[in-house]
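If you want the building blocks of each chain, they are given just below.
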Amino acid sequence: MEINLNRGMPGLPQVPAQLPMLLLLLGGGAIGFGLLLIWNEWLLRWLVAGVFLLLGAILVLTGLRAKRMLG
C-alpha cells in the first residue's frame, strides 16, 4: 500500500513537515546521551537516584494533599 505523505490517508491526520527533523534530533541526542553514559558510569547512578528522589517527592506531596483533603 502506498501512502502519499503530503495528502495523507483518508480519515487520518497529515504528517507534520517538521516531524522527520524532530525525530533525527531526538535520535541523535539519545545516541549522544547513551555514549555519555557508557563513558561516565557515575552519571547513570546519579540519574537513577534522581529519578527515585523525584518519584518519592511526588508521592509524598500527593499523600500530603490527600491527607489535607480528607481532613
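Scroll up to find the structure.
For the structure given in this document, a descriptive report is provided here. Just so you know, these numbers come straight off a predicted model, no measurement behind them.

1. A closer look at the overall build of the chain
For the chain, the helix and strand inventory stands at two helices and zero strands. Looking at the chain residue by residue over its 71 residues, the buried ones come to 1%. As presented, the chain carries roughly 6,900 Å² of accessible surface, and 74% of it is formed by carbon and sulfur atoms.

2. A word on the packing of helix α1 (residues 19–39) against helix α2 (residues 41–70)
Look at α1 against α2: their axes get within 4 Å of each other, and the N-to-C directions meet at 110°. Relative to α2, α1 is oriented roughly perpendicular. Within the contact between the two elements, α1 uses F33, L36, L37, I38 and W39 and α2 uses E41, L43, L44 and L47. The residue inventory of the contact of α1 with α2, partitioned by class, reads eight nonpolar, no polar and one charged.

3. Regarding α2
The end-to-end C-alpha distance of α2 is 44 Å, a good match for the 44 Å that 30 residues give at a rise of 1.5 Å each. Burial analysis of α2 places just one of its 30 residues in the buried class, which makes it a mostly uncovered element. G71 lies just past α2 and shows a positive phi near 95°.

4. Quick look at the environment of L37
Inspection of the secondary structure assignment puts L37 in helix α1. Here the alpha-carbon distance between L37 and L47, two residues ten residues apart in the chain, equals 9.9 Å. Sequence-distant contacts of L37, defined by excluding residues within four places in its chain, comprise L43, L44 and L47.

5. What about a nonpolar patch on the surface?
There is a patch of nonpolar side chains on the surface, built from V15, L19, L22, L23 and L26 and spanning about 440 Å² of accessible area. By secondary structure assignment, the location of V15 is in the segment before α1. Taking the relative accessible area as the measure of exposure, V15 reaches 40% and is therefore partly exposed.

Scoring rules and cut-offs
Residues numbered from 1 in each chain as written. Predicted model: local features only at pLDDT ≥ 70, side-chain atom pairs only at ≥ 80, totals over all residues. Heavy atoms only, no water. Helix = DSSP H or I, 4+ residues; strand = E, 2+ residues; numbered from the N terminus. Buried < 20%, exposed > 50% of the residue type's maximum accessible area, 1.4 Å probe, protein only. Areas by Shrake-Rupley, 256 points an atom, 1.4 Å probe, with all protein chains shown as cover. Axes fitted to C-alpha atoms, helices over the stretch in contact; angles between N-to-C directions. Parallel < 35°, antiparallel > 145°, perpendicular 65-115°, else oblique. Contact = heavy atoms within 4.5 Å. Nonpolar A, V, L, I, M, F, W, Y, C, P; charged D, E, K, R; others polar. Expected span 1.5 Å × (residues − 1). Patch = residues over 30% accessible without salt bridge, like charges linked within 9 Å, V, L, I, M, F, W, Y side chains within 5 Å. Salt bridge = Lys/Arg side-chain N within 4 Å of Asp/Glu carboxyl O.

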